[in-house]
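One letter stands for each residue in the lines below.
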Amino acid sequence: DDEFDWQYDGNFRQAIDSRNFDQLKQTIRNEAFDNTRLTIAKQVVGQHFFNTSQVKELIGLFTFESSKLDLAKTCYSRTIDKSNYFTVNDAFSFSNSKEELSNYIRTQQ
């Protein structure tokens with residue numbers, strides 16, 4: 001099951017629940033500027049785990065490709081189903097962003 005992973009430090013880990021995830025998305029939407037949105041998102045990402053579909057949703061809340069890419073890199077280490085992370089590429093408009101994310105992921109393995 002994509003939402004569960006038993007391999008993290010011997011502890012069970014699970015993606016952020018839908019209620020908290022919805023609150024996070026609303027908080028991000030309430031901010032006018034991408035840089036403020038990114039700061040909030042990164043703060044929360046550091047405290048929770050996510051699945052790839054949630055990461056895609058978060059990235060979709062951002063306007064600028066650079067913010068999307070920054071968040072995608074930040075989320076990778078907090079994603080419980082890394083084997084599906086290739087689907088995050090759909091959130092990008094430019095192929096060079098997809099390539100940069102792929103290169104980043106390769107360095108993390």
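Structure: above.
As a convention, each chain's residues are numbered from 1 in the sequence order in which they are written. Given that this is a predicted model, residues contribute local features only at a pLDDT of at least 70 and side-chain atom pairs are listed and counted only at 80 or more, while totals for whole chains, interfaces and linings are drawn from all residues. Just so you know, side-chain values use all the structure's heavy atoms and leave hydrogens and water out.

Enquirer: What should I look at first to understand the nonpolar core in this one?
Expert: General note: in soluble globular proteins, nonpolar side chains tend to be found buried as a group. Only buried residues count toward a nonpolar core. Its members are Ala, Val, Leu, Ile, Met, Phe, Trp, Tyr and Cys residues joined through side-chain atoms within 4.5 Å. Three labels apply to residues, based on accessible area from a 1.4 Å probe with only protein chains included: buried if under 20% of the type maximum, exposed if over 50%, partly exposed otherwise in between. With 26 residues, the main nonpolar core has Ile-28, Phe-50, Leu-58, Leu-71, Tyr-85, Val-88 and Leu-101 as its most contacted residues. Residues are treated as being in contact if the distance between any of their heavy atoms lies within 4.5 Å. Among all residues touching Tyr-85, those that are not within four sequence positions of it are Thr-52, Val-55, Ala-72, Cys-75, Tyr-76, Thr-79, Leu-101 and Ile-105.

Enquirer: Hey, could you run me through the packing of helix H1 (residues 18–30) against helix H2 (residues 34–45) in this one?
Expert: Between two packed helices, the angle of one axis relative to the other and the distance separating the axes together describe the packing. One way to put it is that H1 packs onto H2 with a least axis distance of 9 Å and a crossing angle of 160 degrees. One way to sum up the angle between H1 and H2 is to call them roughly antiparallel. In terms of crossing hand, the pair formed by H1 and H2 is right-handed. Contacts between H1 and H2 involve Leu-24, Thr-27, Ile-28 and Arg-29 from the first element and Arg-37, Ile-40, Ala-41 and Val-44 from the second. Only Asp, Glu, Lys and Arg are considered charged, only Ala, Val, Leu, Ile, Met, Phe, Trp, Tyr, Cys and Pro nonpolar, and every remaining residue, Gly among them, polar. Of the residues that constitute the contact of H1 with H2, the class distribution is five nonpolar, one polar and two charged. In this analysis an axis means a line fitted to C-alpha atoms, helices contributing only their contacting stretch, and an angle means the value between N-to-C directions, from 0 to 180 degrees. Helix and strand assignments come from DSSP, with helices taken as H or I runs of at least 4 residues and strands as E runs of at least 2, each series counted from the N terminus. Any angle that is under 35 degrees is reported as roughly parallel, and any over 145 degrees as roughly antiparallel; angles of 65 to 115 degrees are reported as roughly perpendicular and all others as oblique. For any pair of crossing helices, the crossing counts as left-handed if the nearer helix is rotated counterclockwise from the farther one by less than a right angle, and right-handed if it is rotated clockwise.

Enquirer: What is the right way to look at the packing of aromatic side chains in this model?
Expert: Under the pairing criterion, centres of Phe, Tyr and Trp rings, with the six-membered ring standing for Trp, must be within 6.5 Å; the plane angle then separates stacked pairs below 30 degrees from edge-to-face pairs above 60, leaving the rest tilted. Taken as a whole and judged by the stated rule, the model has two aromatic pairs. Taking the centre distance of 6.3 Å and the plane angle of 65 degrees together, the rings of Phe-21 and Phe-50 count as edge-to-face. Linking Phe-21 in helix H1 with Phe-50 in the loop between H2 and helix H3 (52–59), this pair joins segments that are 29 residues apart in sequence. For the pair Phe-21 and Phe-50, a shared accessibility class is recorded, and that class is buried. Between Tyr-76 and Tyr-85, the aromatic rings sit 5.0 Å apart at their centres with planes inclined by 80 degrees, giving edge-to-face as the arrangement. The residues Tyr-76 and Tyr-85 share a single accessibility class, namely buried. Charge-over-ring contacts are defined here by two conditions on Lys NZ or Arg CZ: a distance within 6 Å of the ring centre and an angle within 35 degrees of the ring normal. Geometry around Phe-49 places Arg-78 over its ring, the cationic atom sitting 4.2 Å from the centre. Positioned above the aromatic ring of Tyr-76, the side-chain terminus of Lys-82 is 5.4 Å from the ring centre.

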